[in-house]
There are 2 protein chains.
Amino acid sequence: MSLQIDMENFIQYFSGNKLSIDSTNFEKFGLKAKLKHYQKGQQLITQGQPAPKLFFLVKGIVRYMSVSPEGKEFTQSFASAPSLSGSTRAMTRNVDALFSIEALDDVICLEFEWQVFFEQMKSQPGFLSAYNRLLENMFIKKEEREYAFVQQSAEQRYLTFLDRNPQLRDKISLKMIASHIGITPIALSRIRNKLK
Amino acid sequence: MSLQIDMENFIQYFSGNKLSIDSTNFEKFGLKAKLKHYQKGQQLITQGQPAPKLFFLVKGIVRYMSVSPEGKEFTQSFASAPSLSGSTRAMTRNVDALFSIEALDDVICLEFEWQVFFEQMKSQPGFLSAYNRLLENMFIKKEEREYAFVQQSAEQRYLTFLDRNPQLRDKISLKMIASHIGITPIALSRIRNKLK
DNA sequence: TGCTTCACTAAACCTAGGTTAATTACCCTC
DNA sequence: GAGGGTAATTAACCTAGGTTTAGTGAAGCA
């Protein structure tokens, strides 16, 4: 897989988010990106450590997860290629990451230094609007999740999850789904049993 | 309170968010804003209805709240002047609001049509960056809240709330705090009793 | 072939928080 | 100052989901 093709995907991705940049214009930017490969289980960023990087997933699936002081795992979200990935908080505020991003299968991605990326991109016409659009979407998703945690039962959250993420169904374990919807694997097993 | 002073606050607010616009530049924009007054209990936007407006709170406190199909209230958040207010989802996606915004005391605010506001502002140097910054902050807050709901007990969430919102403490009822941290007023009363 | 590890399930028991209902304490307004 | 609302508290009881422990089956490995 050539870098050229990856950049095409990247541009495509942003185009879908209403960013109009022609690819020649974009090429010089490509030089700043590293093409990386992560094996299943490896971490792209690590909880408690600086995470100044932005990733563009070309292939594979990742999971955002953190471990509480008491040792409980929580899965904030999943992301599958093609998509942008990284910790907004850690990148933009220059603080340590509150979660890790871990590869759920073999992952190929482009890696950018956020500060450099943002400095270069913010002058590109349309970039800031595309980034706004992205942030709005991210915010709206979190809002929906907040609502689900407070107003819905675990069973409802599980059904919603299945409904919205059919492509993940066979890729991730019950344990991960459970920690994403905020219950224990045992509780999810009970729910499954009840549903069938 | 003159409109002029309100615009000053508004500019000030954005300046704090790294937007540099000189006030003369801004004046022509001011003509598009309506200065509004809401009595305690009135709604700025209403759940289930279009909410294309952006508000700049000049005075007062509001609460974002929704009622579930089963009739349970949930308080998404509070906002006190000076700050921007509105439903990101409803404004930017042109859909009905999922929550209401209700005045908790007498509220004075500037009211903008989001579409017009955004169209005019997006060409102002610095505005898109300021808006990005705002969205990032909003997202990070929701992330923290998501984490709290999953990893913390109701008691911990209550203590965090008190800690972070000392200015709200005497302005809002126990019922509202309870519905904000995701429990019933009765449960919160028990927690208070246990704590004292 | 056995040994280990990990994913999932199942049963028994526990607890945080929900639900219902009663009680007090306030404000209102008439 | 008598009624009617609403806010907060308390107690009794209930339930969703957590915890502990045990068991099964598949995957990896010596």
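Residue positions are given per chain, counted from 1 along the sequence in the order it is written. The naming scheme follows written order: chains are lettered A onward, ligands numbered 1 onward. Residue-level local features of this predicted model are given only where pLDDT is at least 70; pairs of side-chain atoms are given and counted only at 80 or more, and the full residue set underlies all totals for whole chains, interfaces and linings. Remark: hydrogens and water are excluded; side-chain values derive from all non-hydrogen atoms of the structure.

Some remarks on the protein's contact with DNA strand D
Working step 1: Summary of the distance rule: residues count as near a molecule or strand when at least one heavy atom falls within 4 Å of that molecule or strand. Near DNA strand D there are 15 residues, and of these Ala154, Ala187 and Arg190 of chain A together with Leu174 and Ser189 of chain B occur at the shortest range.
Working step 2: Within 4 Å of the protein, the contacting atoms of DNA strand D are drawn from sugar and phosphate to the extent of 56%.
Working step 3: At 2.8 Å, a backbone N or O of Ala154 of chain A approaches a phosphate oxygen of DNA strand D.
Working step 4: Contacts described as polar in this section are N or O atom pairs within 3.5 Å, which, within protein, must combine one atom able to donate a hydrogen with one able to accept it, while residues neighboring in sequence count only if both atoms come from side chains. A distance of 3.2 Å is found between a phosphate oxygen of DNA strand D and a side-chain nitrogen or oxygen belonging to Lys175 of chain B.
Working step 5: In DSSP terms, a helix is any run of H or I states spanning at least four residues, a strand is any run of E spanning at least two, and both are numbered starting from the N terminus. Broken down by secondary-structure element, the contributors of at least two residues to the surface near DNA strand D are helix 8 (185–195) of chain A together with helix 7 (174–181) and helix 8 (185–195) of chain B.
Working step 6: A per-element tally of the surface near DNA strand D places helix 8 of chain B first, with four residues.
Working step 7: Just so you know the grouping, Ala, Val, Leu, Ile, Met, Phe, Trp, Tyr, Cys and Pro go in nonpolar, Asp, Glu, Lys and Arg go in charged, and all remaining residues, Gly too, go in polar. Within the surface near DNA strand D, the residues separate by chemical class into six nonpolar, six polar and three charged.

Structural notes on the confidence of the model for chain A
Working step 1: Scored from 0 to 100, pLDDT records how confident the predictor is in each individual residue. Residues with a pLDDT of 70 or more make up 84% of chain A, whose mean pLDDT is 86.
Working step 2: Contact definition: two residues touch when any of their heavy atoms are within 4.5 Å. Overall, residues 18–26 of chain A carries pLDDT values under 50, and its contacts beyond four positions in sequence, including any with other chains, amount to 19 contacts.

Observations concerning the packing of helix 4 (residues 114–121) of chain B against helix 5 (residues 127–151) of chain B
All names here are of chain B.
Working step 1: Between helix 4 and helix 5, whose axes approach to 9 Å, the crossing angle comes to 125°. It follows that helix 4 is oblique to helix 5 by the angle criterion. Contacts from Trp114, Phe117, Phe118 and Met121 of helix 4 reach helix 5 at Phe127, Leu128 and Tyr131.
Working step 2: Taken together, the residues of the contact of helix 4 with helix 5 break down into seven nonpolar, no polar and no charged. To obtain each axis, a line is fitted to C-alpha atoms, and for helices this fit is confined to the stretch in contact; angles are then taken between N-to-C directions over 0 to 180 degrees. Should an angle fall under 35 degrees it is taken as roughly parallel, and over 145 as roughly antiparallel, whereas 65 to 115 is taken as roughly perpendicular and any remaining angle as oblique.

A closer look at the relation of the copies chain B and chain A
Working step 1: We place the copies in one frame by least squares, fitting the C-alpha atoms of every residue whose pLDDT is at least 70 in both. Mapping chain B onto chain A calls for a screw motion: a turn of 180° about the axis and a shift of 0.0 Å along it, with 0.0 Å RMSD after fitting. Here the transformation between the copies is reduced to the relation of a two-fold axis. In terms of C-alpha distance to the rotation axis, chain B has Phe139 of chain B as its closest residue, with the C-alpha 2.5 Å off the axis.
Working step 2: The share of interface residues of chain B whose copies in chain A are also at the interface is 100%, consistent with both copies meeting through the same surface.

What to know about the protein's contact with DNA strand C
Working step 1: Taken together, the neighbourhood of DNA strand C is formed by 15 residues, with Leu174 and Ser189 of chain A together with Ala154, Ile186 and Arg190 of chain B sitting nearest.
Working step 2: Listing elements by their share of the surface near DNA strand C, those giving two or more residues are helix 7 (174–181) and helix 8 of chain A together with helix 8 of chain B.
Working step 3: Of the residues in the surface near DNA strand C, the class split is six nonpolar, six polar and three charged.

As for the pattern of salt bridges
Working step 1: Counted as salt bridges are all cases of a side-chain nitrogen of Lys or Arg within 4 Å of a carboxyl oxygen of Asp or Glu. Summed over the entire model, instances satisfying the criterion amount to 22 salt bridges over all chains.
Working step 2: As a salt-bridge pair, Glu73 of chain A and Arg63 of chain A come within 3.3 Å of each other at their nearest N and O atoms. Here Glu73 of chain A, found in strand 5 (residues 73–80), pairs with Arg63 of chain A, found in strand 4 (residues 61–67); they are 10 residues apart in sequence, far enough to count as distant.
Working step 3: Relative accessibility decides the category of a residue: with a 1.4 Å probe and only protein chains considered, values under 20% of the type maximum give buried, values over 50% give exposed, and everything between is partly exposed. Take Glu73 of chain A: its relative accessible area is 38%, and that puts it in the partly exposed class.
Working step 4: For Arg63 of chain A, a relative accessible area of 3% translates into the label buried.
Working step 5: The closest approach of N and O atoms between Glu136 of chain B and Arg93 of chain A, which form a salt bridge, is 2.8 Å. Of the two residues, Glu136 of chain B is situated in helix 5 and Arg93 of chain A in helix 3 (residues 88–93); the pairing between them involves two chains.
Working step 6: In this structure, a network of salt bridges that share partners links the residues Arg63, Glu73 and Glu102 of chain A.

Some words on the sheet that holds strand 1 (residues 34–38) of chain B
Residue and element names in this part refer to chain B.
Working step 1: When DSSP finds two or more bridges between a pair of strands, those strands are recorded as paired. Pairing is antiparallel in the open sheet, where four strands are placed in the order 1-8-3-6. Looking at the sheet topology across the chains shown, the edges are occupied by strand 1 and strand 6 (83–85). Direction aside, neighbouring strands of the sheet carry axes that sit 35° apart on average.
Working step 2: With five bridges connecting them, strand 1 and strand 8 (residues 107–113) associate as antiparallel partners. Each residue of the ladder has a partner; that of Lys36, found in strand 8, is Cys109.
Working step 3: Relative to the sheet, helix 4 contacts strand 3 (53–59) and strand 8, its axis offset from that of strand 8 by approximately 70°.

Here we look at the environment of Gly182 of chain A
Working step 1: Along the polypeptide, Gly182 of chain A turns up in the loop between helix 7 and helix 8.
Working step 2: Taking the relative accessible area as the measure of exposure, Gly182 of chain A reaches 32% and is therefore partly exposed.
Working step 3: Linking Gly182 of chain A and Phe74 of chain A, residues 108 residues apart in sequence, is a C-alpha distance of 7.1 Å.
Working step 4: Not counting residues up to four positions away in its chain, the partners in contact with Gly182 of chain A are Phe149 and Arg157 of chain A together with Val150 of chain B.

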